[in-house]
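Listed below, chain by chain, are the residues.
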Amino acid sequence: MENAGGANGNQWGFKANEELKTASGITVRGVLNSLLENLNKNDTRPLIPLGHGDPSAFPSFRTASVAVDAIVHSVRSARFNCYSSTVGILPARRAIADYLNRDLPYKLSPDDVYLTLGCTQAIEVILTVLARPGANILLPRPGFPYYEARATHSHLEVRHFDLLPAKGWEVDLDAVEALADENTVALVIINPGNPCGNVYTYQHLQKIAETAKKLGIMVIADEVYDHLAFGNTPFVPMGVFGSIVPVLTLGSISKRWIVPGWRLGWLVTSDPNGILQDSGIVDSIKSFLNISSDPATFIQVKLNYSLLEGINSDMEFALKLAKEESVIVLPGITVGLKDWLRITFAVEPSALEDGLGRMKAFYDRHAKKQ
């Protein structure tokens, strides 16, 4: 048998990037994959997936026929079989600018809009652009863990500020000011909130803008859930305050139209004062997009361990529930909210009823005897 070694006879010159394992392990997908691996293969009951946020897999959640017809028309027209431009095709960017302009006191142009492969690529773009040596970014806790994963991969230091549950998950602005220093580049807000579903008032968003201006940092506004605002507080886009502080707005068609697999998102510079242009951020965004791929033309339950026998963490709860009941829920630690669970109700009603019934049976088995 021939020597399996490399050119020097001892070893090959390549090896895996271990940082990717660290980054991917803290994402929702990474945790869900761990739970799926813990299922009891001898359990013949159907899996009840109450931990992910993709309702499109279920018949009760279908996008509107007008959206499907638009895609079919585009494909049949043969006008969109070519490569996209770096920033996305003009009609799409114009449509997004017009859509966002409905709620803004100034007018965006198509040149303010950059199309991405879903909102996740928009996150990738801006965090990569901001990741200079020594820089740090302020992220909400709880929040969307992809920000931490992407920042880790880009060697961008993460500093967490808490959201305040007693105040409707508002940003702790005192903590933001205490965390920021001369190397802080941005503050991320998610509104409507993920995973908590909160919607910020106009007044609170204005305070966020004024705080960011005081600190000399931009606001990254993740507004992918802008049409899923529950309660009495109307959704206000952060871009309204673009004249106070530069705002980068992230969005996509995934949530409103229930089509996450179509992978179309956007990054928008809401900055009427031109600060992002003058600082070189806009040019860096374009440069990154030049070397990347183009886009194709819940409910909270807090755990009380004092009522449970032999369960001491949300991850342990989720792992045992998966093994014993074939029900997947997302442990809160995944989104920075230790000792909570995220349960999605975006599944078939019968599956939801079955899953909650199994969770009750699980609790009854593990409840401490009174």
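The coordinates are above.
None of the values given here were measured: they were computed from a predicted structure.

Some details on the packing of helix α2 (residues 28-37) against helix α11 (residues 314-325)
Thought 1: Interhelical geometry of α2 versus α11 gives an angle of 45° and a closest axis separation of 8 Å. Between α2 and α11, the angle is such that the two are oblique. Counting all contacts with α2, which are made through V31, S34 and L35, the residues of α11 involved are M315, A318, L319 and A322.
Thought 2: Split into classes, the residues belonging to the contact of α2 with α11 amount to six nonpolar, one polar and no charged.

Some points on the packing of α11 against helix α12 (residues 349-366)
Thought 1: The N-to-C vectors of α11 and α12 enclose an angle of 110°; their axes lie 11 Å apart at closest approach. Relative to α12, α11 is oriented roughly perpendicular. α11 and α12 meet at a crossing whose hand is right-handed. Where α11 approaches α12, its residues F317, K320, L321, E324 and E325 are matched on the opposing element by R358, M359, A361, F362, R365 and H366.

Overview of the sheet that holds strand β5 (residues 170-171)
Thought 1: Pairing in this open sheet of eight strands is mixed, and the strands run β2-β9-β8-β7-β6-β3-β4-β5 from one edge to the other. Only two strands of the sheet have a single partner each, and these edge strands are β2 (113-116) and β5.
Thought 2: Taken together, the five bridges between strand β6 (residues 184-190) and strand β7 (residues 218-222) define a ladder with parallel strand orientation. Across the sheet, residue V188 finds its bridge partner in β7, namely I220.

Regarding the side chain of N191
Thought 1: Here N191 is to be found in the loop between β6 and α8 (202-215).
Thought 2: At 3.0 Å, the side chain of N191 and the backbone nitrogen of Y200 are in polar contact.
Thought 3: If near-sequence neighbours (up to four positions away) are discounted, N191 is found in contact with N198, V199, Y200, L205, D222, E223, F235 and V236.

Description of unusual backbone geometry
Thought 1: Cis geometry marks the peptide bond from R141 to P142; its omega dihedral reads 5°.
Thought 2: Structurally, P142 can be placed in the loop between β3 (136-141) and α6 (146-153).
Thought 3: Cis geometry marks the peptide bond from N194 to P195; its omega dihedral reads 25°.
Thought 4: Tracing the chain through its elements places P195 in the loop between β6 and α8.
Thought 5: In this model, A78 sits at a positive phi of 65°, which is unusual for a non-glycine residue.

Digging into α8
Thought 1: Between its first and last C-alpha atoms α8 spans 20 Å; for 14 residues at 1.5 Å apiece the expected length is 20 Å, and the two agree.
Thought 2: By the burial criterion, the buried members of α8 are H204, L205, I208, A209, T211 and A212. Buried positions in α8, seen along its axis, are confined to an arc of 165° and lie on one side of it. Facing away from the buried surface of α8 by more than 90 degrees, the exposed residues are Q203, K213 and K214.

What about a nonpolar patch on the surface?
Thought 1: Judged by side-chain polarity, V68, I71, V72, V75 and W262 come together as a nonpolar surface patch covering roughly 400 Å² of accessible area.
Thought 2: With respect to the helices, strands and loops of the structure, V72 is situated in helix α3 (residues 65-77).

Parameters and conventions
- Residues numbered from 1 in each chain as written.
- Predicted model: local features only at pLDDT ≥ 70, side-chain atom pairs only at ≥ 80, totals over all residues.
- Heavy atoms only, no water.
- Axes fitted to C-alpha atoms, helices over the stretch in contact; angles between N-to-C directions.
- Helix = DSSP H or I, 4+ residues; strand = E, 2+ residues; numbered from the N terminus.
- Parallel < 35°, antiparallel > 145°, perpendicular 65-115°, else oblique.
- Contact = heavy atoms within 4.5 Å.
- Nonpolar A, V, L, I, M, F, W, Y, C, P; charged D, E, K, R; others polar.
- Left-handed = near helix turned anticlockwise from the far one by under 90°.
- Pairing = 2+ DSSP bridges.
- Polar contact = N/O pair within 3.5 Å; in protein donor to acceptor, adjacent residues only side chain to side chain.
- Expected span 1.5 Å × (residues − 1).
- Buried < 20%, exposed > 50% of the residue type's maximum accessible area, 1.4 Å probe, protein only.
- Arc of directions from axis to C-beta.
- Patch = residues over 30% accessible without salt bridge, like charges linked within 9 Å, V, L, I, M, F, W, Y side chains within 5 Å.
- Areas by Shrake-Rupley, 256 points an atom, 1.4 Å probe, with all protein chains shown as cover.
- Salt bridge = Lys/Arg side-chain N within 4 Å of Asp/Glu carboxyl O.

Nothing here speaks to function; it is all geometry.
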